[in-house]
Amino acid sequence: MSAPWATIRFILNGEPCAVHAPPMKRLLDVLREDLRLTGTKEGCGEGECGSCSVRMNGELVNSCLVPVIQAEGATVQTIEGLATNGELHPLQKAFLACGGAQCGICTPGMLMAAAQLLDVNPHPNIAEIREGLAGNLCRCTGFMRIFESVVKAAANESTSTEEQAAHAR
Amino acid sequence: MRGNAEAHQMIAPGSLAAVLDLMSSAPGEWTPIAGGTEIMVAHAAGKPVAEKLVSLWGIPELRFIEDRTESIAIGAAATFRDLRAHAAINADWPLVSRASSWIGSIANQSRATVGGNLVNGSPAADSSPAFLVYDAEIELVSSRGSRRIPYAAFHTGYKQNAMAPDELLYAIHLPRRFAQHRQYLRKVGTRRAMAVAKVALAVTALLKEGQMSEIRVAAASLAPFPVRLVQVETALLGQPINSITIQPARAALLAEATPIDDIRSTATYRRQVGANLLEEFLIKLRTGDASK
């Protein structure tokens, strides 16, 4: 038996979008298949690895566990929406500078989790970084370069904010 | 193999009244889904999932935390992130905050709800022991009305509970009267994040003139569902805490616990570690450094 499909509307990376899909279809699949945003990766498919992390209504979620009907009316940000006007996010720059990415499968989720962390807590200590990223698994880096990337991004972000403040004066 | 999304109906009525109407019109036919951290995982693994699902996500009437002076009411769709961010819960029910920080990861805490954790009824549920030692009450609601039962009477068997097919878990109520109690919660698992408990123990205790005047002990993964350990409580009630009284309490726990062997641990280990956790608490209590 085939259940009725639904039209679901949400804001994706700042732009309104509508998809017609089975309501239980995973947000992950809608992003990758219907909307062709393949930056969001599938790792475990059961909420353990964090590869599919996106932000929904300002909170970090595993898109493999979100039935798309629950994204109705939501604001969704994926890795494709992290850079603004062609300028990489400070975290993306820091991951490049510190070697925070290797094979790249965990990287989009890692960046989204790190972006969420810095939004909530702009100057996390190492324990807070570890907790913020504990749901994101990496098999390549051994995590240290990822943690260093987040430390660097947090430091740069505060520098750039201070610079902006100085310019404003 | 993954389940087929197209084989399921999922609707989002958007209000509590509409959900209750649906559930009363066809009791037992519709299974509620909130953050999906159980059902979507089962779906991913190709395990059986109800054919008809009704979404509770985004219903404001279910996602609330309301401080009522004598108690706090936590809506069933409050997430564990909501709980961790709540100042009164952190201050007055610290074990709930700590347990909430153990739920999966940040991404899971953003989605997993209190109601989901309790209705799912895992024997290893992270939040359950804390709620049990705070004498929580569960408020159930249906189109027939609402009723409250002690949380200790909610779980009735492995993955079974006291809810009727047309009922929904509406809220959990925590009385505010544990400021003077020594409070303890410890989980033993393989990793800090994302690990299901091998065993967890929670205690609230009140000593008066060196004797145990109140004690509540609850455990995860020591029975088919989260339980109060009443024989352990009985063994300690009215007693002073010393090497003579700690031993019968340990023995009571070893006798009362009914854990199983599974992929995460063994019954023998769980029983032994459960008793060790109890002893750790009692020693801390005796030496006066029991952490809150």
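The model shown is predicted, which means the values in this text are computed figures rather than measured ones. (Residues numbered from 1 in each chain as written. Chains lettered and ligands numbered in written order. Predicted model: local features only at pLDDT ≥ 70, side-chain atom pairs only at ≥ 80, totals over all residues.)

Colleague: Where do I start with the overall build of chain B in this structure?
Modeller: For chain B, the helix and strand inventory stands at eleven helices and 14 strands. Taken over C-alpha atoms, the radius of gyration comes to 19 Å for chain B, in line with the 19 Å a tight globule of 292 residues would show. With the C-alpha coordinates of chain B rotated into their principal frame, the extents come out at 60 × 45 × 30 Å. The buried share of chain B, reckoned over its 292 residues, is 50%. (Helix = DSSP H or I, 4+ residues; strand = E, 2+ residues; numbered from the N terminus. Rg over C-alpha atoms; globule rule 2.2 N^0.38 Å. Buried ≥ 20, exposed ≤ 12 C-beta atoms within 10 Å, placed from the backbone.)

Colleague: Can you help me understand the domain arrangement of chain B in this one?
Modeller: Interfaces are often sized by the amount of accessible area the parts lose when they come together. Looking at chain B, the domain boundaries give domain 1 (5-55), domain 2 (60-175) and domain 3 (182-287). On a C-alpha basis, the centres of domain 1 of chain B and domain 3 of chain B stand 36 Å from each other. (Domains from an automatic or database assignment.)

Colleague: In this structure, what is going on with the interface of chain A and chain B? I would like to understand it.
Modeller: Taken together, the contacts link 29 residues of chain A with 29 residues of chain B. Within the residue set of the side of chain A that touches chain B, elements represented by two or more residues are strand E4 (59-62) and helix H3 (107-120) of chain A. The greatest single-element share of the side of chain A that touches chain B, amounting to four residues, is contributed by E4(A). When the residues that make up the side of chain A that touches chain B are grouped by side-chain class, the tally is 14 nonpolar, ten polar and five charged. (Contact = placed C-beta atoms within 7 Å. Nonpolar A, V, L, I, M, F, W, Y, C, P; charged D, E, K, R; others polar.)

Colleague: How should I be thinking about the domain arrangement of chain A in this particular structure?
Modeller: Residues and elements named next belong to chain A. You can read the domains of chain A as domain 1 (6-81) and domain 2 (90-168). Of note, the centres of domain 1 and domain 2, computed from C-alpha atoms alone, are 22 Å apart. Between domain 1 and domain 2, the contact holds 13 residues from the first and eleven residues from the second. At three residues, the largest contribution of residues to the side of domain 1 that touches domain 2 is made by strand E3 (residues 53-56). Looking at the side of domain 1 that touches domain 2 residue by residue, the class counts come to five nonpolar, six polar and two charged.

Colleague: What is the right way to look at the confidence of the model for chain B in this model?
Modeller: Low pLDDT means the predicted atomic positions in that stretch should not be read closely. Of the residues in chain B, 98% have a pLDDT of 70 or more, and the chain-wide mean is 94. Two summary scores accompany this predicted model of the complex, namely pTM at 0.94 and ipTM at 0.92. (pLDDT = per-residue confidence, 0-100.)

Colleague: In this structure, what is going on with the environment of Glu66(B)? I would like to understand it.
Modeller: Residue and element names in this part refer to chain B. Checked against the element boundaries, Glu66 lands in strand E4 (residues 65-67). On the basis of neighbour counts, which here come to 12 C-beta atoms within 10 Å, the residue Glu66 falls in the exposed class. Remark: the alpha-carbon pair of Glu66 and Ala88, spanning 22 residues in sequence, is separated by 9.9 Å. In this view, Glu66 contacts Ile72 and Ala73; residues no more than four positions away in its chain are not counted.

Colleague: Would you mind going over the sheet that holds strand E7 (residues 145-150) of chain B with me for this structure?
Modeller: The strands making up a sheet associate through hydrogen bonds between their backbones, and the pairing can be parallel or antiparallel. All names here are of chain B. Pairing is antiparallel across the open sheet formed by five strands, whose spatial order is E4-E5-E10-E6-E7. Of all strands in the sheet, those bounded by a partner on one side alone are E4 and E7. Pairs of neighbouring strands in the sheet enclose a mean axial angle of 20°, with direction left out of account. Examined bridge by bridge, strand E5 (residues 71-75) and strand E10 (residues 168-175) share five bridges and lie antiparallel to one another. The residue of E10 that forms the bridge with Ser71 is Pro175. (Pairing = 2+ DSSP bridges. Axes fitted to C-alpha atoms, helices over the stretch in contact; angles between N-to-C directions.)

Colleague: Quick question: what am I supposed to make of the sheet that holds strand E2 (residues 15-21) of chain A here?
Modeller: All names here are of chain A. Taken together, the five strands give an open sheet; going across it, the order is E2-E1-E5-E3-E4, and neighbouring strands pair in mixed fashion. The open sheet has two edge strands, E2 and E4, and neither has a second partner. With direction set aside, neighbouring strand axes in the sheet form an average angle of 40°. Of the strand pairs in this sheet, E3 and strand E5 (residues 75-77) are connected by two bridges, and their pairing is antiparallel. Paired with Arg55 across the strands is Gln77, a residue of E5. Most of the contacts of H3 go to E3, to which it runs at about 40°, and overall it touches E3 and E4.

Colleague: Help me understand the pairing of strand E12 (residues 199-208) of chain B, please; the structure alone is not making it clear to me.
Modeller: Each regular strand carries side chains that alternate between the two faces of the sheet. Residue and element names in this part refer to chain B. Most of E12 is tucked away, with seven of its ten residues classed as buried. Bridging between E12 and strand E13 (residues 211-220) involves nine bridges; their strand directions are antiparallel. By the bridge assignment for E13, Ala200 is matched with Ala220. The hairpin turn running from E12 into E13, its antiparallel successor, is two residues long, and Glu209 in that turn takes a positive phi close to 50°.

Colleague: Explanation requested: the environment of Glu209(B) in the structure shown.
Modeller: Structurally, the position occupied by Glu209(B) is in the loop between E12 and E13. Each C-alpha atom, one on Glu209(B) and one on Ile74(B), is 35 Å from the other, the two residues being 135 residues apart in sequence.

Colleague: Before we go on, may I ask you to explain the pairing of E5(B) in this structure?
Modeller: All names here are of chain B. As judged from the three bridges shared by E4 and E5, these two strands associate in the antiparallel manner. Bridged to Ile65 within E5 is Ile74. A loop of three residues connects E4 with E5, the two strands running antiparallel in sequence, and Thr69 in this loop sits at a positive phi of about 65°.

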